Amino acid sequence: MLWNLFSRTPDPADMGLETFAEAVKAGDATVVDVREAHEFAAGHIPGAVNLPLSRFDPRRLPMGRPVVLICQTGVRSRNAVSRAHAAGRADVKHFAGGMSQWRMVGGDVAA
């Protein structure tokens, strides 16, 4: 059997849409948006904290409950979650679908 180069094992740091939506609705996690301030101002998850990737420091992530990182498409939040894990923050995940997927499914957005 040939190995499929395009398949990959799910990354445990990735959070899917359903799990993310449940966490947002229940307030079970702190959402940290790593997009730049002007992107955040144009629309973000209600209650999210803005820590832009350009100045991202894992030591500034909120403590006390799980953290979910988000960006526009999942690329910047994946970078940030890698940095957070390298700094010892195992309680940090990222929503791989980003704001693009969140908006596409009609998720709440604050301005």
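The rules behind these values
- Residues numbered from 1 in each chain as written.
- Predicted model: local features only at pLDDT ≥ 70, side-chain atom pairs only at ≥ 80, totals over all residues.
- Heavy atoms only, no water.
- Core = buried A, V, L, I, M, F, W, Y, C linked by side-chain atoms within 4.5 Å.
- Buried < 20%, exposed > 50% of the residue type's maximum accessible area, 1.4 Å probe, protein only.
- Helix = DSSP H or I, 4+ residues; strand = E, 2+ residues; numbered from the N terminus.
- Contact = heavy atoms within 4.5 Å.
- Pairing = 2+ DSSP bridges.
- Axes fitted to C-alpha atoms, helices over the stretch in contact; angles between N-to-C directions.
- Phe/Tyr/Trp six-rings, centres within 6.5 Å; stacked < 30°, edge-to-face > 60°.
- pLDDT = per-residue confidence, 0-100.
- Right-handed = clockwise from strand over helix to strand, strands pointing away.

**What to know about the nonpolar core**
Membership of the largest hydrophobic core comes to 14 residues, with the highest contact counts inside it found for Val32, Val34, Leu61, Leu69 and Val92. Of all elements in the fold, only β4 (67–70) and α3 (75–86) reach the threshold of two or more residues within this core. Per element, the largest residue contribution to this core is three residues, and it comes from α3. Excluding anything up to four places from it in sequence, Val34 contacts Leu51, Pro52, Leu53, Phe56, Leu69, Ile70, Cys71, Arg76, Ser77 and Ala80. In this structure, Met15, Phe95, Met99 and Trp102 belong to the second largest nonpolar core, which totals 13 residues.

**Focus: the sheet that holds strand β1 (residues 14–15)**
One open sheet holds the five strands; their spatial order is β1-β5-β4-β2-β3, and the pairing between them is parallel. A strand with exactly one partner marks an edge of an open sheet, and here the two such strands are β1 and β3 (49–50). Where strand β2 (residues 30–33) lies against β4, four bridges are found, and the strand directions are parallel. Each bridged residue has a counterpart across the sheet, and for Val31 the counterpart in β4 is Val68. Along the sheet, α3 contacts β1, β4 and β5 (92–95); its crossing angle with β5, the most-contacted strand, is approximately 175 degrees.

**Considerations on the packing of aromatic side chains**
Counting across every chain of the model gives two aromatic pairs. Ring plane angle 80 degrees and centroid distance 5.2 Å describe the contact between Phe20 and Trp102, whose orientation is recorded as edge-to-face. Placement of Phe20 in helix α1 (residues 17–26) and of Trp102 in helix α4 (residues 98–104) is noted, with a sequence separation of 82 residues between them. Exposure class is identical for Phe20 and Trp102. Each is buried.

**A few points about the confidence of the model for the chain**
Taken as a whole, the chain shows an average pLDDT of 91; of its residues, 91% reach a score of 70 or greater. Summarising per-element confidence for the chain, the mean pLDDT is lowest in β1 (90) and highest in β3 (98).

**As for the pairing of β5**
In the sheet, β1 pairs with β5 via two bridges, with the strands oriented parallel. Within the sheet, the bridge partner assigned to Asp14 lies in β5 and is His94. Examined bridge by bridge, β4 and β5 share three bridges and lie parallel to one another. Residue pairing in the sheet places Leu69 in a bridge with His94 of β5. In this fold, β4 hands off to α3, which returns the chain to β5; that crossover is right-handed.

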